[in-house]
Each structure stands twice: as structure tokens, then as C-alpha cells.
Amino acid sequence: EDQVTQSPEALRLQEGESSSLNCSYTVSGLRGLFWYRQDPGKGPEFLFTLYSAGEEKEKERLKATLTKKESFLHITAPKPEDSATYLCAVQAEDSSYKLIFGSGTRLLVRP
Amino acid sequence: GAVVSQHPSRVICKSGTSVKIECRSLDFQATTMFWYRQFPKQSLMLMATSNEGSKATYEQGVEKDKFLINHASLTLSTLTVTSAHPEDSSFYICSASRVRGPGNTIYFGEGSWLTVV
């Protein structure tokens with residue numbers, strides 16, 4: 001069964017304190033691994049798609065990496081506006097294109 | 001800017017009535033759209049996959065007759081909650097698959113808050 005586990009469940013950081021969020025997955029053939037940011041009461045905002053082990057993508061203070069078993073979202077020198085829930089999802093190599101989501105990591109960055 | 005739009009963003013309806021939520025892909029054609037439900041402080045739960053021109057594929061435990069999905073064009077999918085009850089109150093989110101070459105990106109709408117009174 002395809003499964004996604006995110007850790008930690010919640011993370012509190014001081015502004016400027018870098019850290020990483022983990023996404024472990026099991027899937028019967030990975031088509032893609034997706035990272036999203038979700039603010040309260042809003043739909044998820046697309047961040048990255050990673051397709052193969054060893055791939056890395058960056059956007060501002062965020063960097064996503066991928067191995068055959070997990071993905072990390074590294075946040076460098078975070079700011080309070082980075083506070084949000086970060087969601088990881090996998091897409092299997094079947095024909096459905098549907099995403100299987102983890103439970104998310106709630107990030108709070110304090111000034 | 002947004003590439004997937006949902007409407008309405010908030011709706012209140014009376015118990016027993018039906019309510020329709022629209023999901024539009026704004027600048028691309030989406031043969032596949034998805035409908036999710038999200039409870040407070042929980043992750044997204046996939047309800048169904050909406051395929052243009054064919055019947056939707058529902059996830060286990062989701063009532064087909066209660067949550068009617070129509071994907072009549074390449075840019076529009078609708079979710080109709082029929083005979084709504086207070087327990088149907090939730091945040092409903094749609095997404096659309098944009099395929100480019102070998103890759104694809106799934107974009108989400110802004111979500112629709114449904115309150116059944």
C-alpha cells in the first residue's frame with residue numbers, strides 16, 4: 001500500500017534557525033514526489049516536484065531533496081512568513097495521477 | 001497568479017438541500033481533476049478523481065450518489081453535495097493535473113468552505 005509519513009508533526013523555530021522537514025514514503029513505483037505549502041483556510045500552494053533519486057530543487061529559502069525512500073525540505077534562515085503547514089505527497093506510476101498525502105508538518109517561525 | 005479557481009469560496013446551505021462547487025483550470029486543459037475534503041488540522045482526503053468525458057472514480061467509502069461529480073469540459077469540474085447534512089460541513093478543495101512532457105504538476109484551488117445548517 002502506498003504510504004507517506006511526515007515528521008515532525010510540528011516544528012517551532014526562531015527566525016534564522018535553519019532546519020529540515022522529513023517525508024518518508026513507500027510507493028509501488030514513484031512517478032513524482034510533491035511538496036506544498038498550505039496556509040490556514042487556503043488551498044495548498046505548489047512548491048516542488050521531484051522525479052528521481054538524487055534530484056534537488058530550490059526556491060528562495062527552500063530546498064527539496066529526494067532519495068529512494070525519503071525526501072527532505074530544507075529551510076535556510078527561515079522568516080516568520082515561512083510559517084505554514086508543509087505537505088508532502090507521492091504520485092505512483094499508475095494511470096490515475098492522484099496524490100497520496102502525508103499528514104503534514106506545521107511550522108511556526110518566531111521573530 | 002492562481003491557475004485553478006474554485007467557486008464559491010464559502011457557502012451556507014440548509015440541511016436537505018444541494019450545493020454545487022465549481023473548479024476551473026484557468027490557463028490549461030485538465031483531463032484529470034481531483035476533489036479532496038479536509039477537516040480542521042488534518043491532511044487532505046481524496047474523495048474522487050474526475051475524468052473529462054467519463055465517470056468519476058470514487059475512493060473507498062465515498063458515496064457516489066451523495067457527492068456527484070461532473071467533468072463536462074477540459075477546464076471545468078463540478079462537485080454537487082446532494083441532500084446535505086451538517087456532517088457534510090467541511091473544507092472542499094479541488095486540484096487539476098497539468099501535464100508537460102514527461103512531468104506533471106498538480107495545482108490546487110483556493111478551497112470552498114461548506115457549512116450546512
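About the criteria used
- As a convention, each chain's residues are numbered from 1 in the sequence order in which they are written.
- Each chain gets a letter, beginning with A, and each ligand a number, beginning with 1, in the order they are written.
- Only residues with pLDDT of 70 or above have their local features reported here, since the model is predicted, and side-chain atom pairs are shown and tallied only from 80 upward, although totals for entire chains, interfaces and linings are computed over all residues.
- Think of the side-chain values as coming from all heavy atoms in the structure, minus any hydrogens and water.
- Contact criterion: two residues are considered in contact whenever any of their non-hydrogen atoms come within 4.5 Å of each other.
- By definition, the buried area sums, over both parts, the 1.4 Å-probe accessible area that each loses when the two are put together.
- Each reported salt bridge corresponds to a side-chain nitrogen of Lys or Arg within 4 Å of a carboxyl oxygen of Asp or Glu.
- Working definition: a disulfide is two cysteine sulfur atoms within 2.5 Å of each other.
- Strands are runs of DSSP state E lasting at least two residues, helices are runs of H or I lasting at least four, and both sets are numbered from the N terminus onward.
- Categorising residues by exposure relies on relative accessible area from a 1.4 Å probe, with only protein chains included: less than 20% of the type maximum marks a residue as buried, more than 50% marks it as exposed, and the intermediate range marks it as partly exposed.
- For this analysis, a ring pair means two rings from Phe, Tyr or Trp (six-membered ring only for Trp) whose centres lie within 6.5 Å, classed as stacked if their planes differ by under 30 degrees, edge-to-face if by over 60, and tilted for the remaining angles.
- Note: two strands are recorded as paired if DSSP finds a minimum of 2 bridges between them.
- Every angle, taken between N-to-C directions, lies between 0 and 180 degrees, and every axis is a line fitted to C-alpha atoms, over only the stretch in contact when it is a helix.

1. Considerations on the interface of chain A and chain B
Moving on, step 1. Counting residues at the interface gives 20 residues for chain A, matched by 22 residues for chain B.
Moving on, step 2. Taken together, the two surfaces of chain A and chain B that pack against each other cover about 1500 Å², and 58% of this comes from carbon and sulfur.
Moving on, step 3. The three residues of chain A that bury the most area against chain B are A:Tyr97, A:Lys98 and A:Phe101, which together make up 28% of that side's buried surface.
Moving on, step 4. Scanning the region where chain A abuts chain B turns up one salt bridge.

2. Here we look at the state of the cysteines
Residues and elements named next belong to chain B.
Moving on, step 1. As enumerated under the stated definition, the model contains two disulfides over all chains in all.
Moving on, step 2. Note on cysteine connectivity: Cys23 is disulfide-linked to Cys94, with sulfurs 2.0 Å apart. On the sign convention where negative means left-handed, the S-S torsion of about 80° between Cys23 and Cys94 marks this disulfide as right-handed. In this pair, Cys23 is assigned in strand β3 (residues 19–25) and Cys94 in strand β9 (residues 90–100), connecting sequence segments 71 residues apart.
Moving on, step 3. A relative accessible area of 0% places Cys23 in the buried class.
Moving on, step 4. In this structure Cys94 comes out as buried when scored by relative accessible area, which is 0%.

3. What about the packing of aromatic side chains?
Here the distance between the centres and the angle between the planes together describe a pair of aromatic rings.
Moving on, step 1. Applying the stated rule across the entire model yields 11 aromatic pairs over all chains.
Moving on, step 2. Pairing B:Phe67 with B:Tyr92 gives two aromatic rings, centres 6.3 Å apart and planes at 45°, and the pair type is tilted. Linking B:Phe67 in strand β7 (residues 67–73) with B:Tyr92 in strand β9, this pair joins segments that are 25 residues apart in sequence.
Moving on, step 3. With relative accessibility at 0%, the residue B:Tyr92 sits in the buried group.
Moving on, step 4. Through a chain of ring-to-ring contacts, the aromatic side chains of A:Phe34, A:Tyr36, A:Phe46, A:Phe101, B:Phe28, B:Tyr36, B:Tyr107 and B:Phe108 assemble into a single cluster.

4. So, the sheet that holds strand β7 (residues 62–66) of chain A
Residue and element names in this part refer to chain A.
Moving on, step 1. The antiparallel open sheet is built from five strands, whose spatial order is β1-β3-β8-β7-β6. Strands with a single pairing partner mark the edges of an open sheet, and in this sheet they are β1 (3–7) and β6 (56–59). Averaged over neighbouring strand pairs, the angle between their axes works out to 15° when direction is ignored.
Moving on, step 2. Bridge analysis of β6 against β7 gives four bridges, and the strand direction is antiparallel.

5. With respect to the sheet that holds β3(B)
All names here are of chain B.
Moving on, step 1. The four strands are arranged β1-β3-β8-β7 in an open sheet whose pairing can be described as antiparallel. Both edges of this open sheet fall to β1 (4–7) and β7, since each of them pairs with a single strand only. Ignoring which end each strand starts from, the neighbouring axes of this sheet average 15° apart.
Moving on, step 2. Note: β7 against strand β8 (residues 76–81), five bridges, orientation antiparallel. Residue Ile69 lies in a different strand from β8, and its bridge partner there is Leu79.

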